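Chain residues, written in single-letter form:
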Amino acid sequence: SQQGEEDPQALSIQEGENATMNCSYKTSINNLQWYRQNSGRGLVHLILIRSNEREKHSGRLRVTLDTSKKSSSLLITASRAADTASYFCATAPIGGFKTIFGAGTRLFVKA
Amino acid sequence: DTEVTQTPKHLVMGMTNKKSLKCEQHMGHRAMYWYKQKAKKPPELMFVYSYEKLSINESVPSRFSPECPNSSLLNLHLHALQPEDSALYLCASSQSRLVAGASNTGELFFGEGSRLTVL
């Protein structure tokens, strides 16, 4: 069963706007990761946030983690057409071996 | 560019065929994974190898047979597949050491996948 659920399922924005995607999960986790996947390609790791961290930045990416609400958000600022892709959160449960992926958000950035 | 290489990129096979998917990484990672991904769905874990030993089998049908000949290579042998097995098969590796009681803490490095079509 999936650990993470994401919303929205799809998001369409104009270039230059910010994009926010949310992820919720069910069990206690060791860390939460975000991945990007271009259509038909492999997944690319974007950022990892540990359970004892609340916010992390990487370039135009900002990730927050609220372990009390079992939720995370990914913010992409000043989006570009090249950001068009599917974005997945993935969790590593405490005591578990598996990295489990959420349903994903399909982002479309219009030029 | 990915450091995990998967071959072939595309594979079409009949239900009676035997074929293999191959995956190679040279990052020194000791955990390797097979995921299956259907269109517009997230990757689903199939198998995990840790130090060349099978650590996790997510109740995958026996028509899928994984093999880890050494720390750099991971194969997925396919036999008597069904059309519903058509999907993108993704290989990944990580530095995580998967042992009893320990959690996976590392990022996954994915290959570009092998697109499988079963006729």
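Just above sits the structure.
Since we're looking at a predicted model, the values are computed, not measured.

What counts as what
Every chain is numbered on its own, with residues counted from 1 as its sequence reads. Written order decides the labels, with chains lettered from A and ligands numbered from 1. Local features in this predicted model are restricted to residues of pLDDT 70 or higher, and side-chain atom pairs are both shown and tallied only at a pLDDT of 80 or more, whereas totals for entire chains, interfaces and linings draw on every residue. To obtain the side-chain values, all non-hydrogen atoms of the structure were used and water was disregarded. Note on pairing: two strands pair once DSSP finds at least 2 bridges between them. Runs of E in the DSSP output that reach at least two residues are strands. Runs of H or I that reach at least four are helices, and both are numbered from the N terminus. All axes here are fitted lines through C-alpha atoms, helices being fitted over the stretch that makes contact, and every angle between N-to-C directions spans 0 to 180 degrees. Note on aromatic pairs: the rings of Phe, Tyr and Trp (six-membered ring only in Trp) are paired at centre separations within 6.5 Å, and the planes decide the class, stacked below 30 degrees, edge-to-face beyond 60, tilted for the rest. Accessible area is worked out with a 1.4 Å probe on protein chains only. A residue is then buried under 20% of its type maximum, exposed over 50%, and partly exposed in between. Nonpolar cores are built from buried Ala, Val, Leu, Ile, Met, Phe, Trp, Tyr and Cys residues. Side-chain atoms within 4.5 Å join them into one set. In what follows, residue pairs with any heavy atoms lying within 4.5 Å of each other are defined as contacts.

Q: Describe the sheet that holds strand β7 (residues 64-70) of chain B, and please don't skip the residues or the numbers.
A: Residue and element names in this part refer to chain B. Pairing is antiparallel across the open sheet formed by four strands, whose spatial order is β1-β3-β8-β7. On the outer flanks of this sheet lie β1 (4-7) and β7, each paired with one strand and no other. The average angle at which neighbouring strand axes cross in this sheet is 20°, direction not considered. With four bridges joining them, β1 and strand β3 (residues 18-25) adopt antiparallel strand pairing. Looking across to β3, one finds that threonine 7 is bridged to lysine 22.

Q: Describe the packing of aromatic side chains, naming the residues involved and giving the relevant values.
A: Enumeration over the complete set of coordinates arrives at eight aromatic pairs over all chains. Taken together, a centroid distance of 5.7 Å and an interplanar angle of 50° make the contact between B:Tyr35 and B:Phe110 tilted. In this pair, B:Tyr35 sits in strand β4 (residues 31-37) while B:Phe110 sits in strand β10 (residues 109-110), placing the two residues 75 residues apart along the sequence. The same class applies to B:Tyr35 and to B:Phe110, which are both buried. Where B:Phe64 meets B:Tyr89, the ring centres are 5.8 Å apart and the plane angle is 35°; that geometry is what we call tilted. Note that B:Phe64 is positioned in strand β7 and B:Tyr89 in strand β9 (residues 87-94), a separation of 25 residues in sequence. As far as the burial class goes, B:Phe64 and B:Tyr89 line up, both buried. One aromatic cluster in this structure is built from A:Tyr35, A:Phe88, A:Phe101, B:Tyr33, B:Tyr35 and B:Phe110.

Q: Outline the nonpolar core, listing residues and values.
A: In this structure, B:Trp34, B:Phe64, B:Leu76 and B:Leu78 are the most contacted members of the largest nonpolar core, which totals 22 residues. Of all elements in the fold, only β2 (10-13), β3, β4, β5 (44-50), β7, β8 (73-79), β9 and β11 (114-118) of chain B reach the threshold of two or more residues within this core. Setting aside anything within four residues of it in sequence, one finds B:Leu78 in contact with B:Leu11, B:Met13, B:Asn17, B:Lys18, B:Lys19, B:Leu21, B:Arg63, B:Phe64 and B:Leu116. Judged by nonpolar contacts, the second largest core, of 21 residues, contains A:Cys23, A:Leu46, A:Leu74 and A:Cys89.

So yeah, pure geometry; function would need other evidence.
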